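An overview of the molecular structure
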Amino acid sequence: MDRINRAELAGFLRSRRELVRPADVGLESGGRRRTPGLRREEVAALAGMSVDYYARLEQARGPRPSRQMLGALARALRLTDDERSHLYYLTGEPPGPPPGPPRDVRSGVLHLLHRLDDTPAFVIDAKYDVLAWNPLAAALISDFSVLPATERNIIWRFFTDPEARTRHDPEGSWQFARESVADLRAATARYPDDPGILRLVERLLVSSAEFAELWAGHDVTVRRSACKRLKHPAVGWLELDCEALHVPESDQMVVLYTAAPGTPSYEALRLLKVIGTQDLQRSPGR
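In this report, the structure presented in the accompanying data block is examined. (Residues numbered from 1 in each chain as written. Predicted model: local features only at pLDDT ≥ 70, side-chain atom pairs only at ≥ 80, totals over all residues. Heavy atoms only, no water.)

1. Brief notes about the overall build of the protein chain
Helix and strand content of the protein chain: 13 helices and five strands. With respect to the principal axes defined by its C-alpha atoms, the protein chain has extents near 70 × 45 × 30 Å. For the protein chain, the residues scored as buried account for 49% of the 286 residues in total. In the protein chain, 58% of the contacts between residues at least 6 apart in sequence involve partners at least 24 apart. For the protein chain, the accessible surface area stands at approximately 14,700 Å², while carbon and sulfur atoms represent 51% of it. (Helix = DSSP H or I, 4+ residues; strand = E, 2+ residues; numbered from the N terminus. Buried < 20%, exposed > 50% of the residue type's maximum accessible area, 1.4 Å probe, protein only. Contact = heavy atoms within 4.5 Å. Areas by Shrake-Rupley, 256 points an atom, 1.4 Å probe, with all protein chains shown as cover.)

And the structure:
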């Protein structure tokens, strides 16, 4: 049974095409345009299909697209996860898993990070890439701005940088190792086709025997809040509450470190706010 809603599909494709600027997909805008967004032939080229095929879809008379074609259209039109799911439903197809963890951090979350000037806070995606951070997080964990984007991964640094392990006490180190690997295992199931997660796992399997052993256990869990005991090279050991707040629509985590007022750790965070990142050793570990 052909369950495609051709009229709705045609209108949806036209509306999304008109929202994409040529510059958004690396095209020159050159010359006068009769459409505010992409031309049909540009979408067809980006999606790897014939112009006639795409035109018939927008005219509500085309064939039912395959899942492969729907994926190509979603990429060409830069659809959000919600829009991508809607595209699949219009053709009678279940949307399937999202292509990968979103990397865009909501503006409201970014505002929250920078308002928390007395609380170390950062945002990670499902594979523990650090996407955003505030100055106190840079002072406590690492100045991520000086690291290449490919190195801003908490799990990678923990298992490959010996200095990162010295930030945890033995119990905390073992707990983070087990929980982070189990969380990453869960992420591979949510995003089975994401090349970034696959590359990270492959690199870790080659680089860390400890990771490989834990990975072979097939444990699965989702990151939760916990108490942490972290060592900082300038202010010493800190007893901190680590709150991991999930942002469901982007599958990201806002990680915050707090200390009870009046405690030595609270005073150490206040001192760290003054010291900042200057002349400090950098080694992320969570």
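2. Quick look at the environment of Arg178
With respect to the helices and strands, the residue Arg178 is situated in helix H10 (residues 170-190). A sequence separation of 42 residues divides Arg178 from Val220, and the C-alpha atoms of the two residues are 9.5 Å apart.

3. A short note on the packing of helix H1 (residues 6-19) against helix H3 (residues 51-58)
Where H1 meets H3, the axes come as close as 7 Å, and the angle between the chain directions of the two elements is 115 degrees. Between H1 and H3, the angle falls in the class roughly perpendicular. Counting all contacts with H1, which are made through Leu9, Ala10, Leu13, Arg14 and Arg17, the residues of H3 involved are Tyr54, Leu57 and Glu58. By residue class, the composition of the contact of H1 with H3 is five nonpolar, no polar and three charged. (Axes fitted to C-alpha atoms, helices over the stretch in contact; angles between N-to-C directions. Parallel < 35°, antiparallel > 145°, perpendicular 65-115°, else oblique. Nonpolar A, V, L, I, M, F, W, Y, C, P; charged D, E, K, R; others polar.)

4. Re the sheet that holds strand S1 (residues 121-124)
Taken in spatial order, the five strands line up as S2-S1-S5-S4-S3 in an open sheet, and their pairing is antiparallel. Taken across any chain shown, the strands that pair with only one partner, and hence form the sheet edges, are strand S2 (130-133) and strand S3 (226-232). For this sheet, the mean inter-axis angle between neighbouring strands, taken without regard to orientation, is 30 degrees. Where S3 lies against strand S4 (residues 236-247), seven bridges are found, and the strand directions are antiparallel. In the strand pairing of S4, Lys231 is matched with Trp237. Relative to S4, helix H13 (residues 264-275) is tilted by about 85 degrees, and along the sheet it contacts S3, S4 and strand S5 (252-258). (Pairing = 2+ DSSP bridges.)

5. A word on H1
Here H1 is 14 residues long and its end C-alpha atoms lie 20 Å apart, about the 20 Å a rise of 1.5 Å per residue gives. Of the residues making up H1, those classed as buried are Leu9, Ala10, Phe12, Leu13, Arg16 and Arg17. The arc that holds every buried residue of H1, seen down its axis, measures 170 degrees, which confines them to one face. With respect to the buried face of H1, the exposed residues turned more than 90 degrees away are Ala7 and Leu19. Looking at the packing, one finds that the buried side of H1 touches helix H2 (40-47), H3, helix H4 (67-76) and helix H5 (81-90). (Expected span 1.5 Å × (residues − 1). Arc of directions from axis to C-beta.)

6. Here we look at the nonpolar core
Residues Phe122, Phe159, Leu184 and Tyr257 are the most contacted members of the largest nonpolar core, which totals 45 residues. Aside from chain neighbours lying at most four places away, what touches Leu184 is Lys127, Ile155, Ile197, Leu200, Val201, Leu204, Phe211 and Trp215. With 24 residues, the next largest nonpolar core counts Ala47, Ala74, Ala76 and Leu79 among its residues. (Core = buried A, V, L, I, M, F, W, Y, C linked by side-chain atoms within 4.5 Å.)

7. Structural notes on the packing of aromatic side chains
Taken as a whole and judged by the stated rule, the model has seven aromatic pairs. Each ring, one from Phe158 and one from Phe159, has its centre 5.2 Å from the other, and the planes form 85 degrees; the classification is edge-to-face. Across this residue pair, the class does not change: Phe158 and Phe159 are buried. Within the aromatic cluster, the residues linked to one another by ring pairs are Phe158, Phe159, Phe176, Phe211 and Trp215. Looking at Arg185, its charged tip hangs above the ring of Trp215, at a distance of 3.9 Å from the centre. Directly above the ring of Trp156 sits Arg203, whose terminal nitrogen or CZ lies 3.8 Å from the centroid. (Phe/Tyr/Trp six-rings, centres within 6.5 Å; stacked < 30°, edge-to-face > 60°. Lys NZ or Arg CZ within 6 Å of the ring centre and 35° of its normal.)

8. Thoughts on the side chain of Ser180
Position of Ser180 relative to the elements: it lies in helix H10. On the basis of relative accessible area, Ser180 is assigned to the buried category, the value being 0%. Looking at Ser180, its side chain comes within polar contact range of the main-chain oxygen of Phe176, at 2.7 Å. Those residues in contact with Ser180, other than ones at most four positions away along the chain, are Tyr128, Ile155 and Phe159. (Polar contact = N/O pair within 3.5 Å; in protein donor to acceptor, adjacent residues only side chain to side chain.)

9. Details of the pattern of salt bridges
Within the structure shown, the criterion is met by 20 salt bridges. Note that Lys127 and Asp129 form a salt bridge whose closest N and O atoms lie 3.4 Å from each other. The two residues Lys127 and Asp129 agree in class, both being buried. Close ionic contact of Glu151 with Arg157 constitutes a salt bridge, the shortest N to O distance being 3.6 Å. Summarising the burial analysis for this pair, Glu151 and Arg157 share the class buried. (Salt bridge = Lys/Arg side-chain N within 4 Å of Asp/Glu carboxyl O.)

That's the geometry; what it means functionally is another story.
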